[in-house]
Amino acid sequence: MSAQNTRVLSEGPEAIAEAARLILAGALVAMPTETVYGLAADATNGDAVARIYEAKGRPSFNPLIIHVSDVTQAADIGVFDDEAERLASAHWPGPLTLVLPRKKDAPIARLASAGLATVALRAPAHPAMQALIAAVGRPLAAPSANVSGRLSPTRPEHVLASLGDRIKLIVDGGPTAHGLESTIVALTGGPPRLLRPGPIDLDLAPMLKGGVEAPGQMASHYAPAKPLRLDASAAEPGEWLIGFDLVAGDVSLSPSGDLVEAAARLFDLLHEADRVAAPRIAVAPIPDDGLGVAINDRLRRAAAPRGDAADVG
Ligand code: AMP
Ligand code: MG
């Protein structure tokens, strides 16, 4: 197994120390979990989270699962009601993801939850992933470690074949135990809803009332409340201009035209634009390549009339 710039280290203290060093420097590391291999980054670092989308080549910003050591760490990020606490104490650490209301001051990048008011949390059981979260001392954002649209990797060889030189380190924990993505349950008001079936078979009767939502088909994409105009090179009266590159604006996604920085700041600046006095928002043109594809996808949804915005989700 090799790719020019990708190291593969067997799980153990040395691998975890190196992985923690890379993660704290804002880099990505492929990690074994009990479900599938995850592409981990520091969830508190917007640029690091943006690099996940860049490496996966995702054409849109789907919210990521935030990996924590336990309920205590999770409770800084999401709001646990009694049912969430019950499910977490019954199944964590393990392959159960809980989608909960996001705490107002949750210490994670807004991009990690794609600007939503909810957040997906999981305490993984795999000892290597647990050791990494402890070593880093921060929650980790980690989607499956594959290029967008491909199968989830259950062996380090799959990660190498799919993401190869896009990541510096793969921690080799052999084949994963479940080989199947985590069960996802949403507890965001109303009855619990099963968003994705998985290794944990919950008592479905009360849950199916809420209906099964296929991943990626959530109607709940974040969009600002104000009208938004795209490809603006200057502000018109009443507009708050979000700049990029040479278009300065009232604020800028990235004055230097850096798409990683722009992705990291996108949801922060959209939320800010909703709060300022100006009644409308305009956004400078963003090049439609690399991370710009996902940025433009999100901006087009935000600019679409509300009824349509929910449909494209
Ligand atoms: P992956 O990390 O590749 O296993 O995919 C993560 C899954 O979690 C995707 O299907 C997302 O749609 C789902 N997810 C993450 N955060 C949320 C959220 N806040 N609300 C609903 N679904 C979520
Ligand atoms: Mg995936």
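Check the entry above for the structure.
Notes on the structure follow. Computed from a prediction, not measured in an experiment: that's the story for all the values here.

Thresholds, definitions, all that
Residues numbered from 1 in each chain as written. Chains lettered and ligands numbered in written order. Predicted model: local features only at pLDDT ≥ 70, side-chain atom pairs only at ≥ 80, totals over all residues. Heavy atoms only, no water. Salt bridge = Lys/Arg side-chain N within 4 Å of Asp/Glu carboxyl O. Helix = DSSP H or I, 4+ residues; strand = E, 2+ residues; numbered from the N terminus. Buried < 20%, exposed > 50% of the residue type's maximum accessible area, 1.4 Å probe, protein only. Pairing = 2+ DSSP bridges. Contact = heavy atoms within 4.5 Å. Axes fitted to C-alpha atoms, helices over the stretch in contact; angles between N-to-C directions. Core = buried A, V, L, I, M, F, W, Y, C linked by side-chain atoms within 4.5 Å. Phe/Tyr/Trp six-rings, centres within 6.5 Å; stacked < 30°, edge-to-face > 60°.

**A look at the pattern of salt bridges**
As enumerated under the stated definition, the model contains nine salt bridges in all. Here Glu18 and Arg7 are joined by a salt bridge, their closest N and O atoms 3.5 Å apart. Pair noted here: Glu18 is in helix 1 (residues 13-24) and Arg7 is in strand 1 (residues 7-10), with a separation of 11 residues, a long-range link. Residue Arg301 is joined to Asp297 by a salt bridge in which the shortest nitrogen-to-oxygen separation is 3.0 Å. With Arg301 and Asp297 both in helix 9 (residues 291-303), this residue pair falls four residues apart, about one helical turn. Take Arg301: its relative accessible area is 14%, and that puts it in the buried class. Each member of the salt-bridge network shares a partner with another, and the members are Arg7, Glu18 and Arg21.

**Some details on the sheet that holds strand 1**
Spatially, 10 strands are ordered 1-8-2-3-7-4-6-5-9-10 in an open sheet, and the strand pairing comes out mixed. At either margin of the open sheet sits one strand with a lone partner, and together these are strand 1 and strand 10 (193-196). Bridge count for strand 9 (residues 183-186) against strand 10 is three bridges, and the pairing is antiparallel. Bridged to Ala186 within strand 10 is Arg193. In this fold helix 2 (residues 46-56) packs onto strand 3 (38-42) and strand 7 (140-141), with an angle of close to 155° to the strand it touches most, strand 3.

**Brief notes about the nonpolar core**
Of all hydrophobic cores here, the largest spans 80 residues; its most connected members are Phe61, Ile66, Trp92, Leu98, Leu121 and Ile242. Sort the elements by how many residues they give to this core and helix 8 (residues 259-275) lands first, with 10 residues. Among all residues touching Phe61, those that are not within four sequence positions of it are Tyr53, Leu111, Ala114, Ala263, Leu266, Phe267, Leu291, Ala294, Ile295 and Arg298. Counting 20 residues, the second-largest nonpolar core is a separate cluster that includes Ala20, Val29, Leu132 and Val171.

**Here we look at the packing of aromatic side chains**
Enumeration over the complete set of coordinates arrives at three aromatic pairs. With 4.8 Å between their ring centres and 85° between their planes, Tyr53 and Phe61 make a pair best called edge-to-face. Here Tyr53 matches Phe61 in class, with each residue buried. Judged by centre distance (6.3 Å) and plane angle (75°), the ring pair of Phe61 and Phe267 falls under edge-to-face. A residue pair is termed long-range when its members are at least 10 positions apart, and Phe61 in the loop between helix 2 and strand 4 (65-67) and Phe267 in helix 8 qualify at 206 residues. Across this residue pair, the class does not change: Phe61 and Phe267 are buried. The rings of Tyr53, Phe61 and Phe267 are connected pair by pair, giving a single aromatic cluster.

**Looking at the environment of Phe244**
With respect to the secondary-structure elements, Phe244 resides in the loop between strand 12 (239-243) and strand 13 (251-252). Through-space distance from the C-alpha of Phe244 to that of Pro287 is 9.8 Å; in sequence the pair is 43 residues apart.

Purely spatial values, then, with no claim about function.
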